[in-house]
Amino acid sequence: MSQPALLVVFFVSLFFVSLSSHAIDLNPFDAVAPPPDRNFFSAALVNSELKGNYTDGNKSRDTPTLSSNQLQLRLGRSYSIGGLTGLSFVQLPMGELKPGGSASSQPTDYGLGDLTLATALWLHANRQTRTYFGMAGYLTLPTGSYSNQQLFNIGGKRVVGDIQFAYQTALSKSFDGMVGFDTMWFGPNNQVGPNNAQLTQKPLYTAQIGPIYHLNNTFSFAATYLYMWGAETAVNGLSNNNALQTHRYLLSAVATTNKGRFMLQYGTNLDTQFGFAETRRVLLRYMTSF
């Protein structure tokens, strides 16, 4: 493989590591079982900025940047099964991924992202004590825009699966506590770089915890700490020795009204070991049920 091709594969492997750090973030009310037999629709605008090129926690002199703008559309339905509450949904992202800095010569990618199918089941749901325990499975399909001639793509050209567990309970009249854990598995991408190298990746593990404060029946606020580890990549079977060990936080404000639920969220990486560091993540989501 030529040196330029090797360079492309190397940066792509780092990029896949940085993307993996946004597996399944638990947002306020995500762990709460919905009422059955309802349809749900949500639309989210997500802006994120990634900077730098980190190896073993050290930032290189090469400073590529990535700016991502996405619209995420989600449609789902809740139901009862065996006396338990379930929820299934499909989510389709679309948007742009724009390189900058030392990567500004690379093309911007526009289009659809990878389609995600998900099903959640609450094994315990007590609305009186505000206590919930649920599990969810996610399957992401390689439907998004992808070209092996480009360094950065919206789509991942691989199948991704995830199993997540979440627990939430009341800590006081106004506070809830939520914890979550998930494991993400990655299928191979056999079309990396101009020579179609094979990219594989080990599982990614994510643990998250945080309080939720209910100011009143309308407004709630949450702070979430997340720790990710794993997700080491390999190209044609040769390990990149780039396992994640990343700390992040999310701050959320939620307004629940008779017109639907609105959420504004801000987050960033606290540290980064490999790949890009996410310096800003802003999300605005609207959800309604009918």
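See the structure printed just above.
Residues numbered from 1 in each chain as written. Predicted model: local features only at pLDDT ≥ 70, side-chain atom pairs only at ≥ 80, totals over all residues. Heavy atoms only, no water.

### Description of the overall build of the protein
Selection criterion: Counting from the N terminus, the helices are DSSP H or I runs at least four residues long and the strands are E runs at least two residues long. Our radius of gyration is a C-alpha quantity, and the globule rule it is checked against amounts to 2.2 Å times the number of residues to the power 0.38. When a residue's accessible area, from a 1.4 Å probe over protein chains only, is under 20% of the maximum for its type it is buried; when over 50% it is exposed; and in between it is partly exposed. Whether two residues are in contact is decided by their heavy atoms, any of which lying within 4.5 Å being enough. A 1.4 Å probe and the Shrake-Rupley method give the accessible areas. Residues count as covered only by the protein chains that appear here. Just so you know, the count uses Lys and Arg for positive and Asp and Glu for negative, and it drops His and the chain ends. Each charge is placed at NZ for Lys, CZ for Arg, CG for Asp and CD for Glu.
Scanning the protein from terminus to terminus reveals one helix and 18 strands. A globule of 290 residues ought to have a C-alpha radius of gyration of about 19 Å, and the protein, at 19 Å, matches this closely. On the principal axes, the C-alpha backbone points of the protein span a range of 65 × 35 × 30 Å. For the protein, with 290 residues in total, the buried portion stands at 47%. Across the protein, the fraction of contacts at a sequence separation of at least 24, relative to all contacts at a separation of at least 6, is 62%. Accessible surface, the protein as shown: approximately 13500 Å² in total, 60% of it carbon and sulfur. Across the protein, the mean location of the 19 positive side-chain charges is 8 Å away from that of the 15 negative side-chain charges.

### What about the pattern of salt bridges?
Oppositely charged side chains are able to pair whenever their charged atoms sit close together. This is how the line gets drawn: The salt bridge criterion pairs a side-chain nitrogen of Lys or Arg with a carboxyl oxygen of Asp or Glu, the two atoms within 4 Å.
Scanning the entire structure with this criterion turns up six salt bridges. Here E232 makes a salt bridge to K202, at a shortest N to O gap of 3.5 Å. Of this pair, E232 sits in the loop between strand 13 (219-230) and strand 14 (233-235) while K202 sits in the loop between strand 11 (197-201) and strand 12 (204-214), and the two are 30 residues apart along the sequence. You can call E232 buried: its relative accessible area is 15%. The network of salt bridges with common partners includes E49, K51 and R280.

### Section: the pairing of strand 16 (residues 244-257)
Cut-off, in case you're wondering: A pair of strands counts as paired when DSSP detects no fewer than two bridges linking them.
Relative to strand 16, strand 13 runs antiparallel, the two sharing twelve bridges. Bridging across to strand 16, Y227 finds its partner in H247. Direction of pairing for strand 16 relative to strand 17 (residues 260-271): antiparallel, over a ladder of eleven bridges. Note that in strand 17 the partner of S252 across the bridge is Q265. Counting the residues that bridge the hairpin from strand 16 to strand 17 gives two residues.

### What about the side chain of N269?
Inspection of the secondary structure puts N269 in strand 17. Here N269 is in contact with T246, H247, R248, A277 and E278, once residues within four sequence places are set aside.

### Quick word on the nonpolar core
Worth spelling out the cut-off: Residues enter a nonpolar core if they are buried and are Ala, Val, Leu, Ile, Met, Phe, Trp, Tyr or Cys, with the set joined through side-chain atoms within 4.5 Å.
Counting residues in each nonpolar core, the largest one holds 22 residues, and the members touching the most others are W122, Y138, M184, F186, L204 and L244. Among the secondary structure elements, those contributing two or more residues to this core are strand 4 (84-101), strand 6 (115-126), strand 7 (131-141), strand 9 (175-186), strand 13 and strand 16. Counting nine residues, the second-largest nonpolar core is a separate cluster that includes L66, L97, A103 and F276.

### Description of the side chain of T268
Just so we agree on the cut-off: We call two N or O atoms a polar contact when they sit within 3.5 Å, provided that within protein one can donate a hydrogen and the other can accept it, with sequence-adjacent residues counted only if both atoms are side-chain atoms.
Among the secondary structure elements, T268 is positioned in strand 17. Of the polar contacts made by the side chain of T268, one reaches the backbone oxygen of E278; its length is 3.0 Å. Engagement of the side chain of T268 in a polar contact is seen with the backbone oxygen of T279, the distance being 3.1 Å. Not counting residues within four places of it along the chain, the set of residues in contact with T268 comprises R248, Y249, E278, T279 and R280.

### Here's the deal with unusual backbone geometry
Where the residue is not glycine, phi is negative for most of them; where a peptide bond is considered, it is trans in most cases. Despite not being glycine, F29 shows a phi value in the positive range, around 80°. Among the structural elements, F29 can be located in the loop between helix 1 (3-20) and strand 1 (39-55). For A231, which is not glycine, the phi dihedral falls at a positive 65°.

### Topic: the environment of A120
Here A120 shows up in strand 6. Exposure remark for A120: the relative accessible area of 15% places this residue in the buried category. In this view, A120 contacts T85, G86, L87, M135 and A136; residues no more than four positions away in its chain are not counted.

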